[in-house]
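The primary structure of each chain is shown beneath.
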Amino acid sequence: MLMGMKSGKYASLSTEEIVRLDQKHVWHPYAAMPNAVPCYPVQSAHGVHLELTDGRSLVDGMSSWWACIHGYNHEALNDAAIHQISQVSHVMFGGLTHEPAVQLARRLVEVTPPGLEHVFYCDSGSVAIEVAMKMALQYCYNVGQKDKHRFLTIRGGYHGDTFEAMSVCDPVNGMHHLFAKNLPSQIFAPRPESKFDKDEDDKSILQRDVQSVRELLEVNHDEIAAIILEPIVQGAGGMRFYNPAYLTAIRDLCDEHHVLLIADEIATGFGRTGKLFACEHANISPDILCIGKALSGGFLSFAATLTTAKISQKFAQGEAGVFMHGPTFMGNPLACAVSLASLDLLQSYDWESKVQSIENQLKVELEPCRESPLVQDVRVLGAIGVVEMKEAFEMRKVQAAVVNEGVWLRPFGRLLYTMPPFIIQPSELRKITSSMVSIAKRRFR
Ligand SMILES: *Cc1c(COP(=O)(O)O)cnc(C)c1O
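Residues numbered from 1 in each chain as written. Predicted model: local features only at pLDDT ≥ 70, side-chain atom pairs only at ≥ 80, totals over all residues. Heavy atoms only, no water.

Participant: I tried to follow the site of the ligand on my own but got confused; where do I start?
Facilitator: Lining the immediate environment of the ligand, one finds Ser124, Gly125, Ser126, Tyr158, His159, Gly160, Glu230, Asp264, Ile266, Ala267 and Lys293. Take Gly125: an N or O atom from its main chain is 2.9 Å from an oxygen atom of the ligand. Side-chain polar atom of Asp264 to a nitrogen atom of the ligand: 2.6 Å apart, as the coordinates give it. For the ligand, whose accessible area on its own is 380 Å², the fraction buried by protein is 83%. (Near = heavy atom within 4 Å. Polar contact = N/O pair within 3.5 Å; in protein donor to acceptor, adjacent residues only side chain to side chain. Areas by Shrake-Rupley, 256 points an atom, 1.4 Å probe, with all protein chains shown as cover.)

Participant: Explain the packing of aromatic side chains here, please?
Facilitator: Where two aromatic rings form a pair, the distance of their centres and the angle of their planes describe that pair. Under the counting rule described, the total for this entry stands at nine aromatic pairs. Aromatic pair Tyr242 and Tyr246: ring centres 5.3 Å apart, planes at 85°, arrangement edge-to-face. Classification of Tyr242 as buried rests on a relative accessible area of 1%. A relative accessible area of 1% places Tyr246 in the buried class. One aromatic cluster in this structure is built from Phe93, Tyr121 and Phe302. Across the ring face of Tyr141, the terminal group of Lys146 is positioned such that the distance to the ring centre comes to 4.5 Å. (Phe/Tyr/Trp six-rings, centres within 6.5 Å; stacked < 30°, edge-to-face > 60°. Buried < 20%, exposed > 50% of the residue type's maximum accessible area, 1.4 Å probe, protein only. Lys NZ or Arg CZ within 6 Å of the ring centre and 35° of its normal.)

Participant: What exactly am I supposed to notice about helix H13 (residues 426–440) here?
Facilitator: With 15 residues, H13 extends 21 Å between its outermost C-alpha atoms, agreeing within 8% with the 21 Å of an ideal straight helix rising 1.5 Å per residue. Of all the residues in H13, the buried ones are Glu428, Leu429, Ile432, Thr433, Ser435, Met436, Val437, Ile439 and Ala440. (Helix = DSSP H or I, 4+ residues; strand = E, 2+ residues; numbered from the N terminus. Expected span 1.5 Å × (residues − 1).)

Participant: What's the story with the packing of helix H7 (residues 203–220) against helix H8 (residues 244–256) in this structure? I'm lost.
Facilitator: How two helices sit against one another is set out by the angle between their axes and by the gap between those axes. Where H7 meets H8, the axes come as close as 10 Å, and the angle between the chain directions of the two elements is 20°. Taken together, the axes of H7 and H8 are roughly parallel relative to one another. For the pair H7 and H8, the sense of crossing is right-handed. Here H7 contributes Leu206, Asp209, Val210, Val213, Arg214 and Leu217 to the contact with H8, which in turn contributes Ala245, Tyr246, Ala249, Ile250 and Leu253. Broken down by class, the residue content of the contact of H7 with H8 amounts to nine nonpolar, no polar and two charged. (Axes fitted to C-alpha atoms, helices over the stretch in contact; angles between N-to-C directions. Parallel < 35°, antiparallel > 145°, perpendicular 65-115°, else oblique. Left-handed = near helix turned anticlockwise from the far one by under 90°. Contact = heavy atoms within 4.5 Å. Nonpolar A, V, L, I, M, F, W, Y, C, P; charged D, E, K, R; others polar.)

Participant: What's the story with a nonpolar patch on the surface in this structure? I'm lost.
Facilitator: Where nonpolar side chains cluster on the molecular surface, the patch consists of Phe163, Met175, Leu178 and Phe179 and spans about 370 Å² of accessible area. In this fold, Phe163 is placed in helix H6 (residues 163–167). Relative accessible area serves as the criterion here: at 40%, Phe163 is assigned to the partly exposed category. (Patch = residues over 30% accessible without salt bridge, like charges linked within 9 Å, V, L, I, M, F, W, Y side chains within 5 Å. Salt bridge = Lys/Arg side-chain N within 4 Å of Asp/Glu carboxyl O.)

In C-alpha cells:
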C-alpha cells in the first residue's frame with residue numbers, strides 16, 4: 001500500500017491527523033493525557049502481520065495481549081461473525097436464549113477441567129473475575145458461612161482493573177495505596193519461588209511456598225471464601241512461571257480448609273502454556289474458572305466464568321434465590337458464534353505440536369540474551385517467551401526501537417516478552433526473537 005493511502009469509503013484521515021487527534025482526545029491503556037508516547041495507527045491486519053497506515057508492516061509478537069491465537073482476519077472467524085450478523089448480532093439474555101450460547105457452553109464444559117458444568121457469560125476478563133468473586137461470596141452466604149468475606153491470593157498476580165479484581169492484584173505494582181480507602185482488604189501469600197521445571201532439586205523451596213499458604217489458611221480460613229490465582233503463569237504481574245506441584249498442593253489445602261479455588265485462566269486458557277488450560281499441568285480442577293482473551297480468538301471482548309453443580313445448586317435456595325448478576329450484553333450471540341468458531345479452529349489442527357515447536361524455537365533463539373550483562377533472566381513456557389532485564393526500559397525509546405526492527409512487541413517495566421499467534425511461521429518468529437536479542441543487548445537510558 002502507498003504511503004498514507006486509504007482504502008474503503010470510511011477512511012479519510014492522514015496518518016499524521018490520526019496521530020494528532022489520537023493524542024488530543026483518546027485515552028489509551030495505562031496512559032496519561034496527552035499520551036506521552038504517540039501510538040502507531042493500524043490500517044489492517046492479516047495473519048501475523050499488522051499493517052500500519054504509513055505503509056509499514058510489523059510481525060505481531062503480542063497476539064494483542066494473549067488473545068489473537070489464530071492471527072488476524074482469519075476467514076473462519078470472519079465467516080462465523082458474518083453469518084451470525086445476518087441472523088442477529090445482539091439480543092438480551094434475560095428470558096431469551098440462542099443456539100450459539102448453548103453450543104458454546106456445551107463445548108466449554110467439554111474442554112475445560114472436569115467438574116465445571118455451568119457457564120456464566122461476561123463482557124471482559126475483569127468482569128469474569130468480579131463474577132467469580134461475587135459467586136464465591138454469595139455461595140458462602142447461601143450455605144450459611146457468612147463470615148467468609150475475604151480472598152487469599154499470591155503476590156505478583158494480575159486479575160484485572162475493576163475494584164474487586166484490583167484488590168487481588170499485586171499490592172505493590174497494582175498501586176493499592178492509591179485506592180486504599182476503596183479497596184477491600186485481602187490476604188496475600190508470598191509469590192511462589194519454586195520454578196516451573198525444577199521440581200527435583202527444588203523440594204525445600206516448594207515446601208516453603210506451600211507452608212506459607214498453609215499458615216495463612218490455618219489462621220484465616222473462617223474468613224476466606226476462596227483462593228484466587230493464575231494457574232502456573234503469572235502474567236501482567238511479572239510474567240513468572242511456577243511449579244505445578246504448588247498448584248496441586250493449593251488445591252488440597254483448599255479442600256482441607258473448606259475454601260473454594262478460583263482459577264484465572266484469562267491469559268493462560270486455550271493452549272498458550274502448552275496445555276489447553278494451565279490447570280492441566282497440575283491435574284486439578286478449580287471450583288470456579290475464569291476465561292477471556294483467547295476465548296473469542298481475540299475477535300472481540302468476551303469472557304466467561306464457569307463453576308460446578310455443587311456451587312451453582314446453592315443459589316436457588318439462598319436468600320436472593322438467584323445469582324445477583326446480569327450484564328446487559330451477556331451472552332452476546334456474535335461473541336458466542338465467533339468463540340465457537342475459534343474453539344473449532346483450534347481443535348481442527350495439531351495446536352499442541354505448534355505450541356511445542358514455538359516453545360522449542362523460543363528456547364533456542366532467546367538463549368543468546370543471557371550473554372547480555374543487562375539481562376536478569378530468560379524464561380520460556382509454551383508459546384510465551386520472556387526476557388527480564390536488570391533495569392526498567394525507557395518506554396519511548398524501546399518502543400520505537402522495536403518497531404524499527406519490523407516487529408510489534410510491547411515491553412513493560414523490566415520485561416521484554418512475546419506470546420505470538422500460534423499460526424506464526426518459524427521465519428516470522430525468528431524475526432521477533434532476533435529483535436528481542438538485539439534489544440536485550442542495548443541500553444535504553
Ligand atoms: C487480562 C487479564 C485479566 C483482565 O481481563 P480484561 O479483559 O482486560 O478485563 C484478568 N486476569 C488475567 C490473568 C489477565 O491476563
